[in-house]
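# Examining the three-dimensional arrangement
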Amino acid sequence: MQLTLLGKLIVVAALLTAAYFSIRRFAPGLKDEIAPLLERADRPDLPQASPAAADGTPGCLDLPEVRFFHPTWNAQMGILFAAGGKQATKGSLMCRNGVNLKLVREDHAIDMQEALFAFATALERGDPHPDEGAAFVAISGDGAAAFLKGINDRLRRLGPEYQVRVVGSAGYSRGEDKFMGLPAWKETPASSRGALVAGVPREGGWNLVQEWLGDNAVCNNPDERTWDPNCLNWLRVLSPLDAAGLYLAEYCEVRAVVNQGQPVGERRKVCIDGVVTRTLGDVNVAQQKGGLVSIVSTGEHSSQMPNVIIGIDRWMRDHRATVEGMLTAIFEGSAQVRVNGEVFHRASEISAEVYQEEGADTNYWLRYYNGVTERDRKGLNVVLGGSAVSTLADNLELFGLAPGSLNLFDAAYTELRKAVVEQYPDLASGYQPVNEILDTSYVEAIAKRAAPPD
């Protein structure tokens with residue numbers, strides 16, 4: 001199988017990073033200052049927050065509330081532990097860094113966009129700490145092009161300073177996001193022709209499928225109103241979890257039949273054959289119905305789907321200390337989740353508290369964080385779950401700030417942007433380049449303070 005552009009960039013980045021560590025040659029400027037962080041950021045010597053201290057009691061209500069909308073995603077364990085609960089708790093890393101963070105589960109991107117717009121509108125009217133909407137959201141980084149175009153086109157009416165920007169990353173999907181389909185598709189990809197797949201178009205999981213189709217010479221039908229027997233077809237949903245829910249409900253609909261986009265004068269009833277989903281969705285499919293396996297996932301594309309944090313540019317510039325405090329807490333929380341079993345367990349408890357999903361207790365989030373292989377209801381072996389949290393060092397690598405690194409976020413963002421332009425040329429006009437939607441100044445400032453003195 002040929003490597004995609006992103007795959008090639010990831011390989012090159014890995015080789016460059018390995019070379020850097022071998023020869024110990026540091027780049028000038030910022031990269032000189034942050035280089036030692038790549039050796040120390042994953043060690044358990046960061047400022048510690050006691051898991052026992054985060055007892056659920058709000059701890060810094062004297063500070064302005066900072067609302068953070070986020071999906072259900074194990075990559076966010078560092079955020080959840082740093083907050084200590086739905087609202088930043090006494091003794092939590094968030095309170096210790098001066099941030100009264102409030103976490104709000106939201107799995108629908110369109111509702112996240114509305115929350116950002118409501119916040120920006122109140123801000124433009126003169127409220128420095130709006131009670132409406134959200135100051136921050138978290139989404140899949142490789143799907144950021146479509147998300148940001150959707151919201152920034154609206155925010156531009158308020159003024160250029162109200163655009164949203166990516167400022168950091170909390171983690172990665174490492175198998176959790178996947179294209180699930182019939183076992184025959186894995187052996188013979190051409191057998192997926194005529195299938196109906198439920199997913200979120202122009203989002204990261206959709207891009208996984210586009211790469212798989214391209215690698216296997218199977219065409220994609222981008223028209224969500226029709227059915228082409230020679231291509232893969234799509235049922236549009238609002239979130240990856242909705243895709244799994246409709247598969248379990250055995251959803252069907254009647255569509256016009258086309259051949260390479262041209263109507264043939266027929267209509268046909270079609271039902272969901274596969275899904276693009278994320279944990280909880282993959283687990284629900286396997287345990288409640290079965291019959292689908294992982295065709296391709298972020299397990300094979302390990303750097304494609306970072307969880308990225310997005311906020312309103314003007315508010316963040318006006319409250320730089322709060323933004324840097326929030327990111328610092330997240331990075332420290334992620335580092336502790338990675339090395340401290342007690343912290344990992346507490347973060348899983350908080351996941352159950354924040355996500356409020358029936359049947360998904362502490363052990364559920366513990367189990368599916370690393371990913372497991374289980375037998376589904378029909379006896380098939382299915383890979384489920386798989387995510388990772390991101391530290392400061394991981395952010396430096398992701399955004400090309402570490403010595404010898406490439407901007408992997410740029411590569412993922414650009415690759416999906418290209419795929420969208422190819423499939424939906426009418427929708428993709430005006431997609432912003434990375435330099436207009438990415439602001440690494442907050443991560444850079446944290447890195448400079450964290451670097452040891454000369």
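Refer to the preceding data block for the structure.
My aim in this report is to walk through the structure given alongside it, one point at a time. (Residues numbered from 1 in each chain as written. Predicted model: local features only at pLDDT ≥ 70, side-chain atom pairs only at ≥ 80, totals over all residues. Heavy atoms only, no water.)

### What about helix H14 (residues 341-355)?
- Under the 1.5 Å per step criterion, the end-to-end length of H14 is 21 Å for 15 residues, consistent within 8% with the ideal 21 Å.
- Taken as a whole, H14 has its buried residues at Val343, Phe344, Arg346, Ala347, Ser348, Ile350, Ser351, Ala352, Val354 and Tyr355.
- On the buried face of H14, the contacting elements are strand E1 (65-70), helix H4 (77-83), strand E2 (100-105), helix H13 (320-339) and helix H15 (362-370).
- For H14, the N-terminal capping position is held by Asn340, with its side-chain oxygen 2.9 Å away from the main-chain nitrogen of Glu342.
- Of the residues trailing H14, Gln356 is marked for its positive phi of about 50°. (Helix = DSSP H or I, 4+ residues; strand = E, 2+ residues; numbered from the N terminus. Expected span 1.5 Å × (residues − 1). Buried < 20%, exposed > 50% of the residue type's maximum accessible area, 1.4 Å probe, protein only. Contact = heavy atoms within 4.5 Å. Polar contact = N/O pair within 3.5 Å; in protein donor to acceptor, adjacent residues only side chain to side chain.)

### Things to note about helix H11 (residues 281-288)
- Along H11, the positions that sit buried rather than exposed are Gly281, Asp282, Val283, Val285 and Ala286.
- Looking at the packing, one finds that the buried side of H11 touches strand E5 (178-181), helix H10 (240-248), strand E12 (274-277), H15 and strand E16 (381-384).
- After H11 finishes, the residue Gly290 shows a positive phi value of roughly 80°.

### Quick notes on the state of the cysteines
- On inspection of all chains with the given rule, the structure shows three disulfides.
- Disulfide partner of Cys60: Cys95, at an S-S distance of 2.2 Å. Sign of the S-S torsion, about -75° for the bond between Cys60 and Cys95, identifies this disulfide as left-handed. Residue Cys60 is located in the loop between helix H3 (37-40) and E1, and its partner Cys95 is located in helix H5 (residues 93-96); the two are separated by 35 residues in the primary sequence.
- The exposure class of Cys95 is buried, given its relative accessible area of 16%.
- What pairs with Cys219 in a disulfide is Cys231, and their sulfur atoms sit 1.9 Å apart. (Disulfide = S-S within 2.5 Å.)

### Some words on the side chain of Gln210
- Mapped onto the secondary structure, Gln210 falls in helix H9 (residues 204-215).
- The class of Gln210 is buried, set by a relative accessible area of 11%.

### Looking at unusual backbone geometry
- Cis geometry marks the peptide bond from Thr279 to Leu280, where omega comes out at 20°.
- With respect to the helices and strands, the residue Leu280 is situated in the loop between E12 and H11.
- Of note, Ala217 is a non-glycine position whose phi angle comes to about 55°, a positive value.
- Looking at where Ala217 falls in the secondary structure, it is placed in the loop between H9 and strand E7 (219-220).
- Look at Ala217 and you get exposed, because its relative accessible area is 61%.

### Observations regarding the pairing of E12
- Burial along E12 is two-sided: Gly274 and Val276 and Val275 and Thr277, pointing in opposite directions, are all buried.
- Summarising the sheet, E5 and E12 pair through three bridges and their orientation is antiparallel. Paired with Lys178 across the strands is Thr277, a residue of E12.
- Pairing of strand E6 (residues 196-199) with E12, which is carried by two bridges, proceeds in the parallel orientation. Across the sheet, residue Val197 finds its bridge partner in E12, namely Gly274. (Pairing = 2+ DSSP bridges.)

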